[in-house]
Amino acid sequence: MKLLAQYHLQDFDENGNYCGLDNIASIRERLWFAYSFLAEGSVEACRTGNNIIEASHYDFCHFAPKIAIQIVMKYNDQLTDDARNKLYSYLEDTIEESASEEMDFVGVNDNFPCMSTFIALIGGKLLSRPHLVEIGAKRLHQLKAMLTRRGFVSEFNSPTYTGIQLEALAELANYVEDEELREIALQCEQRIWADQLSRLHLPTSQVAGPYSRAYTADSVGHTQHFAIYAVLGDLLPVNLLNTLFSTRDADPEIVIHMNKAFLQVSAASMMNTIYHCPEELVKHALNKIYPHEVSGTVEFSSSSDAHAWEQPKDPVLAEDMVEYPAGVGSNTTYMTENFSLGTSTHEFHNGVQTDSFHILLRCDPHKETSLQNSRSIYTKYVINDKKPGQSNEYERMSVTSPEHSLWDEGRKLAFQHQNTAMVLYKPKRIGRLQVTSLKLSILIPCQHSEPDSIWLGDRRLEELTGESLEPCPVFVKDGAVYMAFHPLMLTNHGRRAAVKVERVNGYLVLSFYNYEGEVKDFDPKTFVLTGNGFVVQVSSEQEAGEFEAFRVASSKAQFHDNTHSSVHSRQTVLRRTTFESEGVTLSCEYSPISEGIRYIEVNGRIPANEKLAITGYDVCRLPFM
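Calculation notes
Residues numbered from 1 in each chain as written. Predicted model: local features only at pLDDT ≥ 70, side-chain atom pairs only at ≥ 80, totals over all residues. Heavy atoms only, no water. Core = buried A, V, L, I, M, F, W, Y, C linked by side-chain atoms within 4.5 Å. Buried < 20%, exposed > 50% of the residue type's maximum accessible area, 1.4 Å probe, protein only. Helix = DSSP H or I, 4+ residues; strand = E, 2+ residues; numbered from the N terminus. Contact = heavy atoms within 4.5 Å. Pairing = 2+ DSSP bridges. Axes fitted to C-alpha atoms, helices over the stretch in contact; angles between N-to-C directions. Polar contact = N/O pair within 3.5 Å; in protein donor to acceptor, adjacent residues only side chain to side chain. Left-handed = near helix turned anticlockwise from the far one by under 90°. Nonpolar A, V, L, I, M, F, W, Y, C, P; charged D, E, K, R; others polar.

## A short note on the nonpolar core
Ranked by internal contacts, the top residues of the largest apolar core, which has 114 residues, are Leu31, Ile53 and Ile71. Of the residues forming this core, the biggest block, nine residues, is contributed by helix H9 (residues 179-198). Dropping the residues within four chain positions of it, Ile71 is found in contact with Leu31, Ala34, Tyr35, Leu38, Ile53, Asn76, Leu79 and Leu87. Counting residues in hydrophobic clusters, the runner-up holds 43 residues, among them Ile359, Val435, Ile444 and Ala498.

Encoded structure:
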């Protein structure tokens, strides 16, 4: 809080107006600043916090009512009458929004329901609205029920949003007066701590994937895990103080989400609570025995590309509406001292932000833990050559994505056995018109360094870039970590090359192509039956010896990947994929059109799909198990 005041008090004039260089305009950011300045407690900071509250324009925001309640609950004596009246007036005008069924736990973004539960329970009591207290209690029981059914919440393991869930539940436990509700809030918080700390990979000081939702800063591993830092402090080697708050302008090498002021004030405000993380989970996180695996089930609601229908029709009646089904999936994170590999069988919501495949690695095991000594690798299906590290136009959705978010334009499923994962992709139907290229891109961020070598089949790329006209395995040596990417079915709609590796905006981008050529429209069925994907094998020098030996062994892998149909009896199309290498066989059959999975098989057996499993920890000790 002192650093935030030191860096940003100067950004507000005597009337509470923001005059800094970053874009701080919304009521959420302004109230975060007021909240943090009041928490810092100096005369100047408190005066500025009150000025911000008095000068703000109040419109609805899912975050702002919670922040307003936190301010009046914690710092009422430090508020001016005008500031206090502004906050109460805002709550009177907006608090009924928390009663909406949209804010229930329905299998989508759980950070909103967590915050709305706090608003309904604490704000309802504050404003003497007992019906809101009842709704808040009902909602908290919904979360308990979800965690009784499943291992993780629907918005699982998100570098940005899981921390928001934790903070809202911690604050609820800190302020709710009903002992039963307080106990449920503490138990839900404990379950989410289990999600986070069991996936903490201390050798890289990051939370390993997969991620339900991830912005670019999340995917590349530059998110600051404020809740974990609140618990571990300097035991987390890469943390808020030595990166985001190292100077006013932050460490220049970290990837910034939104802007520096936004990141700093959001992190500071989220630190302003007392968390309730069980000590045994901390001890387990700090003393993991590798290899270490975390897996569990997750449920998700139906969804659609709501802004993407071909005509602006009634959503209920629109004939061209594509709805992705609700269901239950699982996700897995496998960690060694040198790397982690994570996959998710299903996507969060419509999948534009889901990292269903994610690798995290440390390049040199002999160097200290740092951002410079770690790297993440993740995937996006890309239509019409959109690029990471810049703003992109999504014409069919009438949206321009900001620099901090490259959307996934494909639908995917992924699963794994330890260090081997199968990732199956198809493009989303929304992108079928005016197409110039279709590709699945594996993104390798290179802000600090580049991998040592990349091979296309048996050909080493001298400058780490190149292409192959035919599909071929791609081998990557990144310090002590080795990776083999075996392309699966690459439906060929016409292309110049099947595989390319190129430098783009500070990334190495490894792409498997379905199409590259003149502008072309696809019919819906042809488009969604476009197959792409890969199997990845990850190992290390410690496990595999020399990189050459790893390449030779990986080259012996075999796979079969094809679509099959029976027009007369089934009138449908299924994709059947099998990959075999020494010690592992992965198989899957699913429908690219309906996304129904007939089976997933690992070494001839159906995976156990336990509700929750954590290496070296008895999950029966957790609530609701």
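The rest of the description comes next.
## Section: the sheet that holds strand S26 (residues 597-602)
Each strand in a sheet pairs with another by means of backbone hydrogen bonds, the pair being arranged parallel or else antiparallel. Pairing within the open sheet is antiparallel, and its four strands lie in the order S23-S24-S25-S26. Looking at strand neighbours, the two that pair on one side only are strand S23 (558-565) and S26, the edges of this open sheet. The mean inter-strand angle of the sheet, taken between neighbouring strand axes irrespective of direction, is 5°. In the sheet, strand S25 (residues 584-590) pairs with S26 via five bridges, with the strands oriented antiparallel. If you follow Cys588 over to S26, its bridge partner there is Ile600.

## Considerations on the sheet that holds strand S17 (residues 466-468)
As summarised here, the arrangement of the 10 strands in space is S17-S20-S21-S14-S9-S8-S7-S6-S3-S27, forming an open sheet in which the pairing is antiparallel. A strand with exactly one partner marks an edge of an open sheet, and here the two such strands are S17 and strand S27 (612-614). The sheet shows a mean angle of 20° between the axes of neighbouring strands, taken without regard to direction. Of the pairings in the sheet, the one linking strand S8 (residues 357-362) to strand S9 (residues 374-383) comprises five bridges and is antiparallel in character. In the sheet register, Arg362 faces S9, and the bridge partner there is Ser374. Most of the contacts of H9 go to S27, to which it runs at about 45°, and overall it touches strand S3 (292-300), strand S6 (327-335) and S27.

## Thoughts on the pairing of strand S22 (residues 532-540)
When you tally the buried positions in S22, you get nine out of nine residues, the bulk of the element. By the alternation rule, side chains of S22 split into Asn532, Phe534, Val536, Val538 and Ser540 and Gly533, Val535, Gln537 and Ser539, which are all buried. In this sheet, S22 lies alongside strand S13 (residues 420-427) in antiparallel orientation, the contact comprising six bridges. Directly across from Val423, in S22, lies its bridge partner Phe534. Direction of pairing for strand S19 (residues 481-487) relative to S22: antiparallel, over a ladder of seven bridges. What sits directly across from Ala484, in S22, is Gln537.

## Some thoughts on the side chain of Ser98
Relative to the helices and strands, Ser98 is located in the loop between helix H5 (81-94) and helix H6 (111-126). In terms of polar contacts, Ser98 uses its side chain to reach the backbone carbonyl oxygen of Ile95, at 2.7 Å.

## Describing the side chain of Glu347
By secondary structure assignment, the location of Glu347 is in the loop between strand S7 (339-344) and S8. Judged by its relative accessible area of 7%, Glu347 is buried. Here the side chain of Glu347 touches Arg411 through a polar contact of 3.2 Å, side chain to side chain. Not counting the four nearest positions on each side in its chain, Glu347 is found in contact with Phe300, Thr354, Ser356, Gly410, Arg411 and Lys412.

## Quick notes on the packing of helix H4 (residues 64-75) against helix H8 (residues 161-175)
At a closest axis distance of 12 Å, the pairing of H4 and H8 adopts a crossing angle of 35°. In terms of crossing hand, the pair formed by H4 and H8 is left-handed. Only Glu167, Ala168, Glu171 and Tyr175 of H8 make contact with H4, whose side of the interface consists of Lys66, Gln70, Met73 and Lys74. Looking at the contact of H4 with H8 residue by residue, the class counts come to three nonpolar, one polar and four charged.

## Quick word on unusual backbone geometry
A cis amide bond links Gly209 with the next residue in sequence, Pro210, at an omega value of 15°. Of note, Pro210 is situated in the loop between strand S2 (206-207) and helix H10 (216-219). With an omega of 0°, the peptide bond running from Tyr290 to Pro291 counts as cis. Non-glycine residue His349 carries a positive phi angle of around 50°. Take His349: it is sitting in the loop between S7 and S8. Of note in the backbone geometry, Asn505 takes a positive phi value of approximately 50° without being a glycine.

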